[in-house]
Every structure is written in C-alpha cells, then in structure tokens.
Amino acid sequence: QVQLVESGGGSVQAGGSLRLSCAASGRTFIVDGMGWFRQAPGKEREFVAAISLSEGSTNYADSVKGRFTISRDNAKNTVYLQMNTLKPEDTAVYYCAASRGSTAATTTGLYQYWGQGTQVTVSS
C-alpha cells in the first residue's frame, strides 16, 4: 500500500504564506497522481489542487488559482502545496491523497490513499 504523511500546517495571518508537504512511502510506484483536498468544519471535503506525477500537469480549484501552487519531487516521493495570499476562508484541515489510475483528478472518489491531514488556520 501507500502511506502519506502531511506536514507544514500552522497558523498564519491573512495575506501570509505556508507550504505544505506530503511524503509518500510504500508502493509509491503504483501512484499516478496526487492531490490536495481540504475540509472546513461543517463542510464537505473539497478539491484544492492535483498533479500528474509523470507529466507534471496540474489542476486547481477556482478558489485557489493564482494563489496556490502544487509541485512534486519524484526523487523524494514528495508533493508540495505552496499557499500564498492566504485568506480566512482557506482555514481547514488539508489532506494529501494519492491515486492509482488517475493523474490529476479533482474528485475524492478517484483517490485510494489518504493522509491524516494537517490543520491550516488563517486569521483576519
């Protein structure tokens, strides 16, 4: 299987930046794409960004386009989410996910492996 561990969450003021990391281990060779999702209290988990591990193609939610950047380091089996110009509405638990079969999917159902999540809190 594939294990995912997120890091880099924390508290920041509006306008600030954070970089999340997701380290994959185990049978990483079966992973085709990775993504970031987030879930705020009382809300459903929503797509944030995704990347194809082979081609590097990306997808972003409209709400984060121009502010967030997803990238990967295949040698380190790590995916990053650089978050700039953070807003209070970005506050959520951020989850890393890995997909076998989909490259830059935007829906939770296409991801088979999930991390435990890391909290991001943006204050106004």
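Definitions and limits used
- Residues numbered from 1 in each chain as written.
- Predicted model: local features only at pLDDT ≥ 70, side-chain atom pairs only at ≥ 80, totals over all residues.
- Heavy atoms only, no water.
- Helix = DSSP H or I, 4+ residues; strand = E, 2+ residues; numbered from the N terminus.
- Contact = heavy atoms within 4.5 Å.
- Salt bridge = Lys/Arg side-chain N within 4 Å of Asp/Glu carboxyl O.
- Buried < 20%, exposed > 50% of the residue type's maximum accessible area, 1.4 Å probe, protein only.
- Pairing = 2+ DSSP bridges.
- Axes fitted to C-alpha atoms, helices over the stretch in contact; angles between N-to-C directions.
- Disulfide = S-S within 2.5 Å.
- Phe/Tyr/Trp six-rings, centres within 6.5 Å; stacked < 30°, edge-to-face > 60°.
- Lys NZ or Arg CZ within 6 Å of the ring centre and 35° of its normal.

**Overview of the side chain of Asp90**
Relative to the assigned elements, Asp90 resides in the loop between β8 (78-83) and β9 (92-99). The contacts of Asp90, once residues within four sequence positions are left out, are Arg38, Arg67, Phe68, Thr85, Val120 and Val122.

**Notes on the pattern of salt bridges**
Overall, the coordinates contain 4 salt bridges when judged by the stated rule. The shortest N-O distance in the salt bridge between Arg38 and Glu46 comes to 2.6 Å. Residue classification places Arg38 among the buried positions, given a relative accessible area of 6%. In this structure, a network of salt bridges that share partners links the residues Arg38, Glu46, Arg67 and Asp90.

**With respect to the sheet that holds β8**
Backbone hydrogen bonds are what pair the strands of a sheet, in a parallel or an antiparallel way. What the 4 strands build is an open sheet, ordered β1-β3-β8-β7; its pairing is antiparallel. Each edge of the sheet is formed by a strand with only one pairing partner; in this case those strands are β1 (2-7) and β7 (68-73). When the angles between neighbouring strand axes are averaged without regard to direction, this sheet yields 15°. Taken together, the 6 bridges between β7 and β8 define a ladder with antiparallel strand orientation. When the bridges of β8 are listed, Ser71 appears paired with Tyr80.

**Examining the environment of Ala97**
Mapping Ala97 onto the fold places it in strand β9. Along the chain, Ala97 and Thr69 lie 28 residues apart, while their C-alpha atoms are 16 Å from each other. Setting aside its immediate chain neighbours within four residues, Ala97 contacts Leu4, Gly33, Met34, Gly35, Phe37, Tyr111, Tyr113 and Trp114.

**Quick look at the state of the cysteines**
Applying the stated criterion across every chain yields a total of 1 disulfide. A disulfide bridge connects Cys22 with Cys96, and the sulfur atoms are separated by 2.0 Å. One disulfide, between Cys22 and Cys96, carries an S-S torsion of -80° and so falls in the left-handed class. A residue pair is termed long-range when its members are at least 10 positions apart, and Cys22 in strand β3 (residues 18-26) and Cys96 in strand β9 qualify at 74 residues.

**Remarks on the packing of aromatic side chains**
By the definition in use, this model includes 4 aromatic pairs. Three or more aromatic residues link up through ring pairs in this structure, and these residues are Phe37, Phe47, Tyr111 and Trp114. In this structure, Arg45 packs its charged tip against the face of Tyr95, placed 3.7 Å from the ring centre. Cation over ring: Arg45 sits above Trp114, and NZ or CZ is 4.9 Å from the ring centre.

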